[in-house]
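# Architecture and fold: a report
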Amino acid sequence: MRTRKAPGGGNVAYNLLDDPLDLLSGPATDEFIQVVFTYDTGAGELQLFVNGTFIGADNPGGGDWSGGDAAAFATRGGNNTGGVGNGQANTESFAGQIALIRMYSEMILSEEEVEMNYFATIAPDTSLPVITTFAPTSGATGVNPGISQLTATFDKTIQLTGDGSVTIKNLTADTDQVIDLPDASVAIEAEQLIITLASDLDFNSQYAVHISSDALEDFSGNAFPGIDDDSTWAFTTIEENFTPPVIVEQSPAHQSTGALVVVTLSATFDQPLLRGTGDIVIVDLDDDSTTQTISVEDESLVTITDNVVTFSPAAPLATATEYAVLIADTALRNFSDVAFGGIDDESTWTFRTVNMSSQLGILDLTANNGINPGTGEPWQVADRYHLVYITTDTTTAESTDIADYNAFVQADANNQNVTGSSGSVNLGVVSWFALASTGSVNAIDNAIIMGPTYTIYHTLNPGTSPTGSGFLVEDTAAFWSLNQFPGTGANSGNPLSDLNGDNKNVFTGTTGGGVASSALGEGSSSRRHWSGWRNWVTPFNTEPNEDELFMVAISQSLFVIDLDDDVPPEFVSIADDVEGGPVEMDDEPVITYTVTFSEAMLPSTVDASDFGNAGTAGFTIDSIAQQEDPAVFLVTVRPTGEGTLQLQINASAVLTDLNGNPLDTSVAIPDDTIIEVLPATATGYGVWADSFPGLIDTDPALDFDGGGLSTGLEWVLGGDPTDPSDDVNIVPTIDNTSDAEGNLLFIFRRNIDAYEDENTTIEVQYGS
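Because the structure is predicted, anything quoted here is derived from the model rather than measured.

### Side note on the overall build of the protein chain
Summing up its helical and strand segments, the protein chain has eight helices and 51 strands in all. Per element, the accessible surface of the protein chain, about 36600 Å² overall, is 47% carbon and sulfur.

Take a look at the structure:
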């Protein structure tokens, strides 16, 4: 089958002669080939299936298949009825047989349904339709008598047979409403049976729904067995209630503090509710102004689920601000049409938002509508981010030491002042690193401050703008993808491309790429290599042939903080990864402790000097790393001798939370687990010699047993220095027959302990 595309028409092609997907092999296609086109009027998309397999889709220019549009798929009123295109298709549009299995009126088949219909001709579906969910759910109580529809969802697509009936039984009143089919109140939408009620149900009544066994079937003709009992689909309506609804819980709670600026407010009532008319108003109490007015009829902002009403401000609230919530007395009502009395004063539901800011006050927390792009959630205290900026000074790329470039960007930052939320901020108060590489250090390794997942980056231009343009990425790996770096072509619009207005670019290169005649990137003449991105990043210059370079700098991890936080952090726990030990020095043990605090800690205050050993073993701290949860640190410890290991936070150590509140370290805080560090097993010549009680003289040069080998050679060759008879069996041998090349083979034994002993040197001597 081939389709020929005409102007304005759709084009989805599959060549049945070549059969590239091997769809026509096997006994199932011996008798026919099924070709199905479906057209989705909503998407304007033409879809092609061959033998139940989806081939492709195309937008045919917005037609329909009712016959009125000449550009439609299967135009009935246009030229060449049945053609694909704008009516100009001819008999060459298809080469092969077309089998029309079934026509579905006003229904777009899904991929699963097309596949089901195809395979029904091979292995017919004989399973009966089964209901998977009911609405209202079976056994439900407190159902709204004013409910408009009853819905049953099946495990497959169903259709009405045109016969049978649906019965709604009021078991309390012993009355039946019988709906003979077909009837407009009973409809099918794919897998759903929808029953539209003609009137409200009764209060405080038990209902059951019956469906006759001849009413429904699937597309293979399998009949739904029906429901003929009063328990399979049964529910009870709520009692009539003339008591006005009352709020029993609010979120944020009344008079609470620390609410997020992007917040969903909710009120829980003592009974189920219905939507009315009127507004919910959020009032800024600090300046007595109306911040937002939300219509309760706006279902995109206000949702009602049973007895819980939630509503979302259309824009973020302000930080450190007192708010009140007002609700119109017509906005909500119960199922008996009794209205909630509303809130018309500014003292019933109040709350205060968190006094939230970013460290340095530079990152704009209202950007992206107040949502942290890394998490998809509202900005919260302890969210982590980095600032990125381009230096305002230049340097040469002569050094091979990455420390020189880190020192350069730090010195440049020390001279930069920008305007933050609390006034002028000097960038030098935090550490900066060069996004650059040398022949021995990769850029990704130099930026060790990249941190865990969900790190947020924000570009900063000290020369012209306090905030610059932001680019934000979800995690570390995404940051290192090429699309995050500016350059030419597709990347030319990246904010870093032109922060200083000089059309400078950041270049990446392979291990042979970089800036011409420079140490940085180890110097080829290539300046625009885009491979090897995780390892090689070079700065950029103002002119193509200049070696004076601006550099991209990235800050240490910075945090969103609560400026009102005056509560000191608390110690939670220390846990080791060796389950309490013991460990042996022979194994060169490394122990990782997980140290947890009650809240996020400022990482620059948590360092090796804060920790010690309450035990007796010597130890060193290899590393300290803050985890994705900024309240958790991994402390890696290496014992240097035998004894006990009990990690502790030292007395008078200074560790603070994000707002500078110190941990109480008036006394040391030890781990509650003591790990025993076992000594290394003694080895060497002396230990070996002591294992022979009869060896009175241990001089290694002496042939103590008189067997022909010195005691030292017996140590090396694995002999018994007190047994003269074994010497002849352990001496080296020379073999002149085994090697095919005619080489002499010198064969000797060696004691593994002697070989590994640092005080023993084994050398093979030879001569003529």
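### Things to note about the sheet that holds strand β47 (residues 647-649)
Judged by pairing direction, the sheet is antiparallel, and its three strands sit side by side in the order β43-β47-β48 without closing on themselves. In this open sheet, the two edge strands, each paired with only one partner strand, are β43 (611-613) and β48 (669-670). Examined bridge by bridge, β43 and β47 share three bridges and lie antiparallel to one another. Residue pairing across strands places N613 opposite L647, the latter belonging to β47.

### Remarks on helix α2 (residues 402-414)
The first and last C-alpha atoms of α2 sit 18 Å apart over 13 residues, in line with the 18 Å expected at 1.5 Å per residue. Listing the buried residues of α2 in full gives I402, Y405, N406, F408, V409, Q410, D412 and A413.

### Looking at a negative patch on the surface
Together, E111, E112, E115, D155 and E191 line one region of the surface with negative charge. On the secondary structure map, E115 appears in helix α1 (residues 111-120). Residue classification places E115 among the partly exposed residues on the basis of a relative accessible area of 37%.

### Quick notes on the confidence of the model for the protein chain
With 73% of its residues at a pLDDT of 70 or more, the protein chain shows a mean pLDDT of 78. Within the model, the stretch residues 27-31 combines pLDDT values under 50 with six contacts to residues more than four positions away or in other chains. Segment residues 62-101: pLDDT under 50, and 80 contacts once partners within four positions in sequence are set aside and those in other chains are kept.

### Section: a nonpolar patch on the surface
Together, I734, L744, F746, F748 and V764 make up an exposed nonpolar region whose accessible area comes to about 490 Å². In this structure L744 comes out as exposed when scored by relative accessible area, which is 60%.

### What to know about the sheet that holds strand β22 (residues 308-311)
Pairing is antiparallel across the open sheet formed by four strands, whose spatial order is β15-β17-β22-β21. Each end of this open sheet is capped by a strand with a single partner; those strands are β15 (247-251) and β21 (302-305). Between one strand axis and the next, the sheet turns through 15 degrees on average, direction left out of account. In the sheet, β15 pairs with strand β17 (residues 265-269) via four bridges, with the strands oriented antiparallel. Across the sheet, residue I247 finds its bridge partner in β17, namely F269.

### Structural notes on the environment of A318
In this structure, A318 sits in the loop between β22 and β23 (322-327). Taking C-alpha positions, A318 is 9.2 Å from L260, a pair spaced 58 residues apart along the chain. Other than its neighbours up to four places away in sequence, A318 contacts V261, Y323 and T353.

### Topic: unusual backbone geometry
For the bond running from A135 to P136, omega is 0 degrees, close enough to zero to count as cis. One can find P136 in the loop between β4 (131-135) and β5 (140-143). A positive phi is found at D337, a non-glycine position, where the angle reads about 65 degrees.

### A short note on the pairing of strand β25 (residues 350-353)
Sheet analysis places strand β16 (residues 256-259) next to β25, joined by two bridges and oriented parallel. Residue pairing across strands places S256 opposite F351, the latter belonging to β25. For β23 and β25, the ladder comprises three bridges, and the chain directions are antiparallel. The partner of E322 across the bridge, within β25, is R352.

### Considering the environment of E189
Looking at where E189 falls in the secondary structure, it is placed in strand β10 (residues 186-189). Taking the C-alpha atoms as reference points, E189 and T157, separated by 32 residues in sequence, lie 8.3 Å from one another.

### With respect to the packing of aromatic side chains
A complete count under the given rule lists twelve aromatic pairs for this structure. Residues Y685 and W715 carry aromatic rings whose centres are separated by 6.0 Å and whose planes lie at 80 degrees to one another, so their mutual orientation is edge-to-face. Of this pair, Y685 sits in helix α5 (residues 685-690) while W715 sits in helix α6 (residues 711-717); the two residues are 30 residues apart in sequence, bridging distant segments of the chain. Exposure class is identical for Y685 and W715. Each is buried. Ring geometry for F746 against F748: centres 5.8 Å apart, planes inclined by 40 degrees, an arrangement best described as tilted. The class for F746 is partly exposed, based on a relative accessible area of 41%. Residue F748 is classed as partly exposed on the basis of its relative accessible area, which comes to 32%. Among the aromatic residues, those joined into a cluster by ring pairs are Y685, W688, F692 and W715. Note that R750 overlies the ring of Y755, its terminal NZ or CZ placed 3.7 Å from the centroid.

Calculation rules
- Residues numbered from 1 in each chain as written.
- Predicted model: local features only at pLDDT ≥ 70, side-chain atom pairs only at ≥ 80, totals over all residues.
- Heavy atoms only, no water.
- Helix = DSSP H or I, 4+ residues; strand = E, 2+ residues; numbered from the N terminus.
- Areas by Shrake-Rupley, 256 points an atom, 1.4 Å probe, with all protein chains shown as cover.
- Pairing = 2+ DSSP bridges.
- Expected span 1.5 Å × (residues − 1).
- Buried < 20%, exposed > 50% of the residue type's maximum accessible area, 1.4 Å probe, protein only.
- Patch = residues over 30% accessible without salt bridge, like charges linked within 9 Å, V, L, I, M, F, W, Y side chains within 5 Å.
- Salt bridge = Lys/Arg side-chain N within 4 Å of Asp/Glu carboxyl O.
- Lys, Arg positive; Asp, Glu negative; His and termini not counted.
- Charge placed at Lys NZ, Arg CZ, Asp CG, Glu CD.
- pLDDT = per-residue confidence, 0-100.
- Contact = heavy atoms within 4.5 Å.
- Axes fitted to C-alpha atoms, helices over the stretch in contact; angles between N-to-C directions.
- Phe/Tyr/Trp six-rings, centres within 6.5 Å; stacked < 30°, edge-to-face > 60°.
- Lys NZ or Arg CZ within 6 Å of the ring centre and 35° of its normal.

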